[in-house]
Amino acid sequence: MHPFLDTPAAEAFIATADSRQTSPEIMRAIAFHARDRAEAEAIWDGGALDVATTLLAIWETATCNGARDVDLSWGAEGDRWADQFTL
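Residues numbered from 1 in each chain as written. Predicted model: local features only at pLDDT ≥ 70, side-chain atom pairs only at ≥ 80, totals over all residues. Heavy atoms only, no water.

Judged by nonpolar contacts, the single largest core of 21 residues is most densely connected at F13, I26, I30, I58, W74 and W81. Only helix 1 (8-14), helix 2 (24-33), helix 3 (37-45) and helix 4 (51-63) provide two or more residues apiece to this core. Considering every element that reaches this core, the biggest residue donor is helix 2, with 5 residues. Contacts of I26, omitting those with residues within four sequence positions, involve I58, A62, L72, S73, W74 and W81. (Core = buried A, V, L, I, M, F, W, Y, C linked by side-chain atoms within 4.5 Å. Buried < 20%, exposed > 50% of the residue type's maximum accessible area, 1.4 Å probe, protein only. Helix = DSSP H or I, 4+ residues; strand = E, 2+ residues; numbered from the N terminus. Contact = heavy atoms within 4.5 Å.)

All right, on to the confidence of the model for the protein chain then. The predicted coordinates ought not to be read in detail in places where the model reports low pLDDT. Per-chain confidence: the protein chain averages 83 in pLDDT, with 85% of residues scoring 70 or above. Here helix 4 stands out as the element of the protein chain with the lowest mean pLDDT, 78, in contrast to helix 1, whose mean of 97 is the highest. (pLDDT = per-residue confidence, 0-100.)

Let us now look at unusual backbone geometry. Unlike most non-glycine residues, Q21 shows phi in positive territory, near 55°. Its place among the elements puts Q21 in the loop between helix 1 and helix 2. Residue C64 is not a glycine yet carries a positive backbone phi of 55°.

Time to look at the pattern of salt bridges. Considering all chains together, one arrives at 3 salt bridges under this definition. Between E39 and R35 there is a salt bridge whose closest N-O contact spans 2.8 Å. Put simply, E41 and R37 hold a salt bridge, and the shortest N to O gap is 2.9 Å. Here R37 and E41 lie together in helix 3, a separation of 4 residues that amounts to about one turn. Each of R20, R37 and E41 takes part in salt bridges that share partners, so that together they form one network. (Salt bridge = Lys/Arg side-chain N within 4 Å of Asp/Glu carboxyl O.)

Our focus in this paragraph is the environment of R20. Mapped onto the elements, R20 comes out in the loop between helix 1 and helix 2. Since its relative accessible area comes to 14%, R20 is described here as buried. Once the C-alpha coordinates of R20 and G75 are considered, the two residues, 55 residues apart in sequence, prove to be 5.6 Å apart. Setting aside anything within four residues of it in sequence, one finds R20 in contact with F13, M27, R37, E41, W44 and G75.

Put into structure tokens, the structure is as follows:
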């Protein structure tokens, strides 16, 4: 876990959820895994770290390892991005 989540920059990043057509839970999960705003932006754009590992980690964080049944949208992908993690 990185301390970026508890910063004003992370709050500002999360606050952009509506304009990105992305669920706040996804934005918060990205901020949880990112080291800073630049990395959070790169993760949101799909260009940071190992994509499969990052997406799985984001899904696990946003859904509490699948325990929360929520519709999660991520930009143009909508909720299709999470299909690989659900049955």
